[in-house]
Amino acid sequence: MDRTVRTVEDVLALLDGLFASESEAGRLATGDGKDFWDRFYADRSRPVPFFAAKPDENLAAYLDQGLIAPGRALDLGCGAGRNALYLASHGFEVDAVDLSPVAISWAEDRARQAGVDVRFLCGDAFALPAAELSGPYDLVVDSGCFHHLPPHRRVSYLALLDRVLVPGGHLALTSFAAGEQGMGSELADADLYRERELQGGLAYTPESLRWIFSDLVEVELRRMREEPPESTLFGVTFLWTALFRRGAAPSGDVRPGHDLA
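Residues numbered from 1 in each chain as written. Predicted model: local features only at pLDDT ≥ 70, side-chain atom pairs only at ≥ 80, totals over all residues. Heavy atoms only, no water.

Attention now moves to the packing of aromatic side chains. For the structure on display, the rule yields 18 aromatic pairs. Summarising the aromatic geometry, the rings of Phe40 and Phe50 are spaced 5.9 Å apart at their centres and angled 15 degrees between planes, so their arrangement reads as stacked. Highlighted residues: Phe40 in helix α2 (residues 34-41) and Phe50 in the loop between α2 and α3 (57-64), separated in sequence by 10 residues. Pairing Tyr41 with Phe51 gives two aromatic rings, centres 5.3 Å apart and planes at 20 degrees, and the pair type is stacked. Highlighted residues: Tyr41 in helix α2 and Phe51 in the loop between α2 and α3, separated in sequence by 10 residues. There is no split in this pair, since Tyr41 and Phe51 are both buried. (Phe/Tyr/Trp six-rings, centres within 6.5 Å; stacked < 30°, edge-to-face > 60°. Helix = DSSP H or I, 4+ residues; strand = E, 2+ residues; numbered from the N terminus. Buried < 20%, exposed > 50% of the residue type's maximum accessible area, 1.4 Å probe, protein only.)

Structure representation (structure tokens):
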């Protein structure tokens, strides 16, 4: 007889196990798991659109429009580092984390070739010590991490944002859009646990994103714009792009080194 649950994190870890793959011996960190992503990034020559070293078009637009400004940034699920490198080249101090050591190795190679400084971390963002992802960050970027999380890990995700995102800071998010066949599961949360499979990622509606991130202020939520192959930016229309802002801290609760504005 094994009694393993005493804390909320114990419950989350138990639920992680429902989606575990055999290749990971019954332990799944988040989403599709490290082994899946290691295999995914192993062949750098594959014609995967987001393998190209191009930043998301919406991220570039936010910077061009003055909606975000250089500061400390965290790239969650950074993959091969395309957005992290873009931010670093535009004056941001960037930490970037990914579950896959294969992806991180590629990102580090790209950073060296580009001559930019990014602090790459390999591991589960929810399991890394607070000292590794201490923040505070002015910007958290997530291009495709959130929609690979099982529903219960939204709790961990929001807790991470609450811990590391500075008042007035922004979350720049992209996620699968509902209604695009084959580009994200539209099963209800409860049904995902019955099926015990994430089906390659979860699709979201604007309403569901607004509800999940209702503690943040919506700045913009739209479809990603299509970018042609010759563009220096990445853009596909089956993704939502969203920019949310954390509200100002209550009076007397200013984080060191940051204003309330």
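To continue, consider the confidence of the model for the protein. Predicted confidence across the protein gives a mean pLDDT of 90, with 90% of residues reaching 70 or more. Of the regions scoring below 50 in pLDDT, residues 254-261 engages in 15 contacts with residues more than four places distant in sequence or in other chains. (pLDDT = per-residue confidence, 0-100. Contact = heavy atoms within 4.5 Å.)

What follows covers the sheet that holds strand β6 (residues 217-223). A sheet is described by the order of its strands in space; here 7 strands give the open sequence β3-β2-β1-β4-β5-β7-β6, paired in mixed fashion. Two strands bound the open sheet, and with one partner strand each, they are β3 (118-122) and β6. Mean inter-strand twist for the sheet, computed between neighbouring axes without regard to direction, equals 15 degrees. Here strand β1 (residues 72-76) pairs with strand β4 (residues 137-143) via 4 bridges, running parallel. Within the sheet, the bridge partner assigned to Leu74 lies in β4 and is Val140. Lying over the sheet, helix α6 (residues 153-164) contacts β1, β4 and β5 (165-176), oriented at roughly 150 degrees with respect to β5. (Pairing = 2+ DSSP bridges. Axes fitted to C-alpha atoms, helices over the stretch in contact; angles between N-to-C directions.)

This paragraph deals with unusual backbone geometry. Geometrically, the link from Gly135 to Pro136 is a cis peptide bond, its omega value of -5 degrees lying close to zero. Within the secondary structure layout, Pro136 lies in the loop between β3 and β4. Look at Arg196: it is not a glycine, yet its phi comes out positive at around 55 degrees. Residue position: Arg196 is located in the loop between α7 (189-195) and α8 (206-212).

This model, assessed by the stated rule, comprises 19 salt bridges. Linking Glu9 and Arg153 is a salt bridge whose minimum nitrogen-to-oxygen distance equals 3.0 Å. On the criterion of sequence distance, the pair formed by Glu9 in helix α1 (residues 8-16) and Arg153 in helix α6 is long-range, its members being 144 residues apart. By relative accessible area, which is 41% here, Glu9 ends up partly exposed. As a salt-bridge pair, Asp109 and Arg44 come within 3.1 Å of each other at their nearest N and O atoms. Separated by 65 residues along the polypeptide, Asp109 in helix α5 (residues 101-114) and Arg44 in the loop between α2 and α3 bring together distant segments of the chain. With a relative accessible area of 38%, Arg44 lands in the partly exposed category. (Salt bridge = Lys/Arg side-chain N within 4 Å of Asp/Glu carboxyl O.)

With 5 of 6 residues buried, strand β2 (residues 93-98) is to be regarded as a mostly interior element. Where β1 lies against β2, 5 bridges are found, and the strand directions are parallel. Bridge pairing in β2 links Leu76 to Val97. Chirality of the crossover, the property in question, places the unit of β1, helix α4 (residues 82-89) and β2 among those that are right-handed. This β-α-β element, β2 to α5 to β3, shows right-handed connectivity. (Right-handed = clockwise from strand over helix to strand, strands pointing away.)

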